[in-house]
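Observations on the three-dimensional arrangement
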Protein chains: 2
Amino acid sequence: MKKIFIKLVFFFMVTGCTQGGGDGRGSLADPLPSWADGPTKQAIVAFVKQVTDSGGAGFIPVAERIATFDNDGTLWAEKPLVQELFAIYRVKKMVARDPGLAKVQPYKAIVENDKDYFVKGGEKALVQLVAATHTGMTEDEFEKSVADFFSQAIVNGRPVRQTVYQPQLELLDYLRTNGFNIYICTGGTVDVVRGISLPLYGIPKERVIGTNFKYQFSDSTGQLMRMPELDHFNDKSGKPAAIQLHIGRRPVFACGNEGGEGDIEMLQFSQGSSYPSFQLLINHDDSAREFYYQEKGNESLHAALEGHWHVVSMRNDWKTVYPEK
Amino acid sequence: MKKIFIKLVFFFMVTGCTQGGGDGRGSLADPLPSWADGPTKQAIVAFVKQVTDSGGAGFIPVAERIATFDNDGTLWAEKPLVQELFAIYRVKKMVARDPGLAKVQPYKAIVENDKDYFVKGGEKALVQLVAATHTGMTEDEFEKSVADFFSQAIVNGRPVRQTVYQPQLELLDYLRTNGFNIYICTGGTVDVVRGISLPLYGIPKERVIGTNFKYQFSDSTGQLMRMPELDHFNDKSGKPAAIQLHIGRRPVFACGNEGGEGDIEMLQFSQGSSYPSFQLLINHDDSAREFYYQEKGNESLHAALEGHWHVVSMRNDWKTVYPEK
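These notes cover the structure that comes with them. Since the structure is predicted, the reported quantities are computational estimates derived from the model, not experimental observations. (Residues numbered from 1 in each chain as written. Chains lettered and ligands numbered in written order. Predicted model: local features only at pLDDT ≥ 70, side-chain atom pairs only at ≥ 80, totals over all residues. Heavy atoms only, no water.)

On to the overall build of chain A, then. A tally of helices and strands in chain A yields 13 helices and nine strands. For chain A, the C-alpha radius of gyration of 22 Å lies close to 20 Å, the compact-globule estimate for 325 residues. Counting only C-alpha atoms and orienting by the principal axes, one finds that chain A spans roughly 75 × 50 × 50 Å. Classification of the 325 residues of chain A by burial places 51% in the buried group. For chain A, the exposed surface amounts to about 15,000 Å²; the carbon and sulfur share of it is 56%. One way to put it: in chain A the 35 positive side-chain charges average out to a point 6 Å from where the 39 negative ones average out. (Helix = DSSP H or I, 4+ residues; strand = E, 2+ residues; numbered from the N terminus. Rg over C-alpha atoms; globule rule 2.2 N^0.38 Å. Buried < 20%, exposed > 50% of the residue type's maximum accessible area, 1.4 Å probe, protein only. Areas by Shrake-Rupley, 256 points an atom, 1.4 Å probe, with all protein chains shown as cover. Lys, Arg positive; Asp, Glu negative; His and termini not counted. Charge placed at Lys NZ, Arg CZ, Asp CG, Glu CD.)

Interface size, as often reported, equals the accessible area lost upon joining of the parts. Taken together, the contact pairs 29 residues of chain A with 29 residues of chain B. Across the chain A to chain B interface the summed buried area is about 2,800 Å²; carbon plus sulfur atoms make up 49%. A per-residue breakdown of the area chain A buries against chain B is headed by E206, F217 and L245 of chain A, which together make up 22% of the total. Between chain A and chain B we count four salt bridges in total. For R250 of chain B, the salt bridge identified is with D140 of chain A, shortest N-O distance 3.2 Å. Breaking the side of chain A that touches chain B down by element, the ones donating at least two residues are α6 (139–152), α8 (190–193), β5 (208–218), β6 (223–232), α10 (238–247) and α11 (264–271) of chain A. No other element matches α10 of chain A, which puts six residues into the side of chain A that touches chain B. (Contact = heavy atoms within 4.5 Å. Buried area = accessible area lost by both parts, 1.4 Å probe. Salt bridge = Lys/Arg side-chain N within 4 Å of Asp/Glu carboxyl O.)

Empty pockets left among the atoms are what a rolling probe the size of a water molecule brings to light. One pass over the full model with this rule turns up two cavities of 30 Å³ or more. Approximately 50 Å³ is the volume found for the largest cavity. If you trace the largest cavity, you find it lined by N71, D72, W76, V82, Q83, F150, T186, G188, V192 and V193 of chain B. Of all the secondary structure elements, the ones that give two or more residues to the lining of the largest cavity are α3 (82–97), β4 (181–189) and α8 (190–193) of chain B. Across the lining of the largest cavity, the residue classes tally to five nonpolar, four polar and one charged. Put simply, the second largest cavity is a space of about 40 Å³. Lining the second largest cavity, in full, are N71, D72, W76, V82, Q83, G188, V192 and V193 of chain A. Elements represented by at least two residues in the lining of the second largest cavity include exactly α3 (82–97) and α8 of chain A. (1 Å grid on protein atoms, 1.4 Å probe; cavity = no way out; pocket = protein on both sides within 12 Å on 5 of 7 lines; lining within 4 Å. Points joined across faces, edges and corners; volume = space filled by probe spheres on them. Nonpolar A, V, L, I, M, F, W, Y, C, P; charged D, E, K, R; others polar.)

A few words now on the sheet that holds strand β8 (residues 278–283) of chain A. Pairing within the open sheet is mixed, and its seven strands lie in the order β6-β5-β4-β1-β7-β8-β9 (chain A). Edge strands, defined here as strands with exactly one partner in the open sheet, are β6 and β9 (310–313) of chain A. Across the sheet, the mean angle separating the axes of adjacent strands is 35 degrees when strand polarity is ignored. For strand β1 (residues 66–69) of chain A and strand β7 (residues 253–257) of chain A, the ladder comprises three bridges, and the chain directions are parallel. Counterpart to F69 of chain A in the pairing with β7 of chain A is C255 of chain A. Running over the sheet, helix α7 (residues 166–177) of chain A touches β1, β4 (181–189), β7 and β8 of chain A and is turned about 165 degrees from β1 of chain A. Against the sheet, helix α10 (residues 238–247) of chain B engages β5 and β6 of chain A, with an angle of about 155 degrees to β5 of chain A. (Pairing = 2+ DSSP bridges. Axes fitted to C-alpha atoms, helices over the stretch in contact; angles between N-to-C directions.)

Expressed as a screw transformation, the operator carrying chain A onto chain B has a rotation angle of 180 degrees and an axial translation of 0.0 Å, and the superposed copies differ by an RMSD of 0.0 Å. Here the copies are linked by what is in effect a two-fold axis. Relative to the rotation axis, the closest C-alpha in chain A is found at H246 of chain A, a distance of 3.4 Å. With an isologous cut-off of 70% or more, the 100% of interface residues of chain A that recur at the interface of chain B puts this contact in the isologous class. (Least-squares fit on C-alpha atoms with pLDDT ≥ 70 in both.)

As a further point, take the packing of α3 of chain B against helix α6 (residues 139–152) of chain B. All names here are of chain B. Where α3 contacts α6, the axes come no closer than 11 Å and their chain directions differ by 110 degrees. Here α6 runs roughly perpendicular to α3, going by the angle between their axes. For the pair α3 and α6, the contacting residues are V82, L85, F86, Y89 and R90 in the first and F142, S145, V146, D148, F149, F150 and Q152 in the second. In terms of residue class, the contact of α3 with α6 is made up of eight nonpolar, two polar and two charged. (Parallel < 35°, antiparallel > 145°, perpendicular 65-115°, else oblique.)

The next subject is the nonpolar core. Within the largest apolar cluster, 75 residues are counted, with the highest numbers of intra-cluster contacts made by F69, F180, Y201 and F253 of chain A. The leading source of residues in this core is helix α2 (residues 39–52) of chain A, at six residues. F47, V82, L200 and Y215 of chain B belong to the second-largest nonpolar core, a separate cluster that totals 74 residues. (Core = buried A, V, L, I, M, F, W, Y, C linked by side-chain atoms within 4.5 Å.)

Attention now moves to the side chain of Q244 of chain B. When you line up the elements, Q244 of chain B lands in helix α10. What makes Q244 of chain B buried here is its relative accessible area of 3%. Those residues within four positions of Q244 of chain B in sequence are excluded, and the remaining contacts are E139, E143, D191, R194, Y215 and L224 of chain A together with R249 and F269 of chain B.

See below:
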């Protein structure tokens, strides 16, 4: 009886199967089952093996195994931007409380579904919208509003949890299991992404770096007010600066996506590490299962070519895109 | 024989003694041996017991056990400021390389030991000195310079390691052992304090929050340049703002010192936590073993009285101040 039991335990260890069927991710099973076998997956696994081999020349101590991931288009879909949905949600709440706002920009453009206002206004109009909807209240009030939004948010007909990329969840788990300290480095505002980072990605609030507005502390109330002044825009060259400020060193693993040229500098910064390092760029080339979009001059893909970064073809490298319901 | 061995093991467990004599800090021994028995020590121990009691009403989950400590005057002595010694060290290095600088302010004032320049210039002159000596180079070069300085720095005739407060090292250990996540929140520049946070306090770089200058990323070199523009001055109301930005929540344990009114807001912010919280203020009242200095209007001590914070009398609450050599 005892022998049979040991054999069974051994069988489950080797196959990674659990009693309930499981997801096939046991300690000896494939840690990246949603990744197609191919050069990208092989390179990831080879890098992790290299830097965790304590006897090898490429070993990186656990404290220095810093990984940074962009969020929009890298960990979850960015069409539409969840941050924009949140801003719209906020506008509706604000207008319901103060109907006069419906005649004032940028609220007016949202109420009237005037997309031209934002197309013409570009980044400036977007920052105006975010400032109008994300500031002018205490931090505690804002966090409650974020929680309310996420509790009911639907993106492309799915709950938010279904818009994350299953292969990336596996990659986060794989890196975590191998001692990596994982940060999100997002162009989104930090307090919005902190509202979902732990339940969606297992990443705690203090490991989220993002765009932020100025805070002003009130001695009389002991509260932080969110001020309508942009403090840091965490995109492009803002990313290495914020990573240095928060973490105090270069990431050895950095992952971003093409589409908005936002992650080139983060990956370049990572490549300057004195340790072996790994740069991963998601290419949105899957119009059937996700989206197909490219930058006008393919800047990110050119940078990847020049820097010998690893490029994920969503179409070819990912066997599945979204988690099962 | 076996019984004797067990008895010996039990004896060592209870007394906390180890074979080599040890420091008396075993698991059952007094975790704060340099703290005099009295209300302050008792309050610290009672708080830690309360928030770690998983069955109690005051329990705080490990992830939320955030502690923030000021550095100058709280973890080590602030007379003189180590940051100023570093600036002087930098001036000497810079003037040796470019002697013409000796005729230009603020270098001139340092070379000529013109203390009046800084007394008259106040905070503005100090920021000017820090900008002149801490920027205009890459981050990598600066970190090398910090390491060089600390490898030979002498403060009040002692190596830097001897200027830290022994009771605070014990407090850090005690909190860490009880699952607290400890951050430094310093008025000093972040990259200087990161140069010693791990070896001196066991606090890694990513857990240091401080004053910082702007970084500018260069695409061509992949390097961050340190720019002479102050980005954030981490003192007074700057502390709650930076804590929110970095950690995303209030600390439940906050410790600062009177002397420069720099920590009042951090302690107020902590007190707004929805969890039980603890505020600790060091009073520099020990002219014999350290220094005696008070604010003009005793602002910090008044805030402590009003907020029912715990005040450490260095003279009465600390049996020893500095570590043994």
